[in-house]
Amino acid sequence: KAFSIFTSVLETLFLAMTGLYLVYRISKSTTFHLVWPAHFERILMCAMAVTAIARLVSAGAIRKKSLAALALTAVYVLVYLNDRYSFLLYMAIFTVGFIDMDYRKILKLYLLTAGFFYGVTLIAGMLGVITNFVTARVGRGIRSAWGMSYYTDFASLGLFLLMTLWAVGKKLSDWSMLLLCVAYMFLSACI
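Residues numbered from 1 in each chain as written. Predicted model: local features only at pLDDT ≥ 70, side-chain atom pairs only at ≥ 80, totals over all residues. Heavy atoms only, no water.

Asks: How should I be thinking about helix H5 (residues 103-127) in this particular structure?
Replies: Count 3.6 residues to each turn of an α-helix, and residues three or four apart come out pointing the same way. Taking 1.5 Å as the rise per residue, H5 with 25 residues should run 36 Å; its terminal C-alpha atoms sit 35 Å apart, in good agreement. Taken as a whole, H5 has its buried residues at Leu109, Leu111, Thr113, Ala114, Phe117, Tyr118, Thr121, Leu122, Ala124 and Gly125. One or two positions beyond H5, positive phi appears at glycine 128, with a value near 90°. (Helix = DSSP H or I, 4+ residues; strand = E, 2+ residues; numbered from the N terminus. Expected span 1.5 Å × (residues − 1). Buried < 20%, exposed > 50% of the residue type's maximum accessible area, 1.4 Å probe, protein only.)

Asks: Explanation requested: the environment of glycine 97 in the structure shown.
Replies: Note on placement: glycine 97 falls in helix H4 (residues 86-97). The class for glycine 97 is buried, based on a relative accessible area of 0%. Counting along the chain gives 79 residues from glycine 97 to threonine 18, while the straight-line C-alpha distance between them is 9.7 Å. In contact with glycine 97, other than residues within four places in its own chain, are Phe14, Ala52 and Arg55. (Contact = heavy atoms within 4.5 Å.)

Asks: I keep staring at the side chain of threonine 164 and nothing clicks. Help me out?
Replies: Locating threonine 164 in the fold gives a position in helix H6 (residues 151-168). Taking relative accessible area as the criterion, threonine 164 reaches 5% and is therefore assigned buried. The contacts of threonine 164, once residues within four sequence positions are left out, are Leu107, Tyr110 and Leu111.

Asks: It is not clear to me how the packing of aromatic side chains should be interpreted in this structure. Could you clarify?
Replies: Aromatic ring pairs are reported here in terms of the distance separating the ring centres and the angle at which the planes meet. If you walk through the whole model with that rule in mind, you get 13 aromatic pairs. Arranged with centres 5.3 Å apart and planes meeting at 85°, the rings of phenylalanine 14 and phenylalanine 98 form a pair that is edge-to-face. Taken together, the residues span a long stretch of sequence, with phenylalanine 14 in helix H1 (residues 2-27) and phenylalanine 98 in the loop between H4 and H5 at a distance of 84 residues. Taking the relative accessible area as the measure of exposure, phenylalanine 98 reaches 19% and is therefore buried. For the pair tyrosine 24 and phenylalanine 40, a centre-to-centre distance of 5.3 Å together with 45° between the ring planes defines the contact as tilted. One end of the pair, tyrosine 24, is in helix H1; the other, phenylalanine 40, is in helix H2 (residues 40-58), with 16 residues separating them in the sequence. There is no split in this pair, since tyrosine 24 and phenylalanine 40 are both buried. Three or more aromatic residues joined by ring pairs make a cluster, and in this case those are Phe14, Tyr21, Tyr90, Phe94 and Phe98. (Phe/Tyr/Trp six-rings, centres within 6.5 Å; stacked < 30°, edge-to-face > 60°.)

Asks: What's the story with the side chain of threonine 18 in this structure? I'm lost.
Replies: With respect to the helices and strands, the residue threonine 18 is situated in helix H1. Ignoring anything within four residues of it in the chain, the contact list for threonine 18 reads Met48, Phe94, Phe98 and Leu109.

This is how it looks when you write it as structure tokens:
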């Protein structure tokens, strides 16, 4: 019983840190910038890596899916060594950390986090709080964005959130989701 509680705590901790990473990553690409402490990303990455390894070790025996995850992790690390994009290391950590986790929990976390920022951006843009959708970013030049993503990707993000809602929501029928997606496509065309 104590072992199952420990496993559950590790899973909850890993999900919480994943949510924090999503807030960090999304807030760095929105017009609502949040200020983060120095070395925050490195500290979070280390904490997530330790938790992911603890989850892997707590599972006990090495299985085929664990070996496959470790092989994919090695690929991410090798590509990172060439490209130096930090998200590749996070992908490696997620690959190991999400082993044996219910996918609906991960999708709900993403839906809650990204959906919140998407909703705030949509409302702020329609109310006129965001008056200039062109922002200057240090080292990246001018970025023309609809609040949180390139305006051409804003509709795609909304559809992806709706599809995530469909995958998570067991009670939503296919037809109701189709009608929601069609209505959203008309809304995004107006935006």
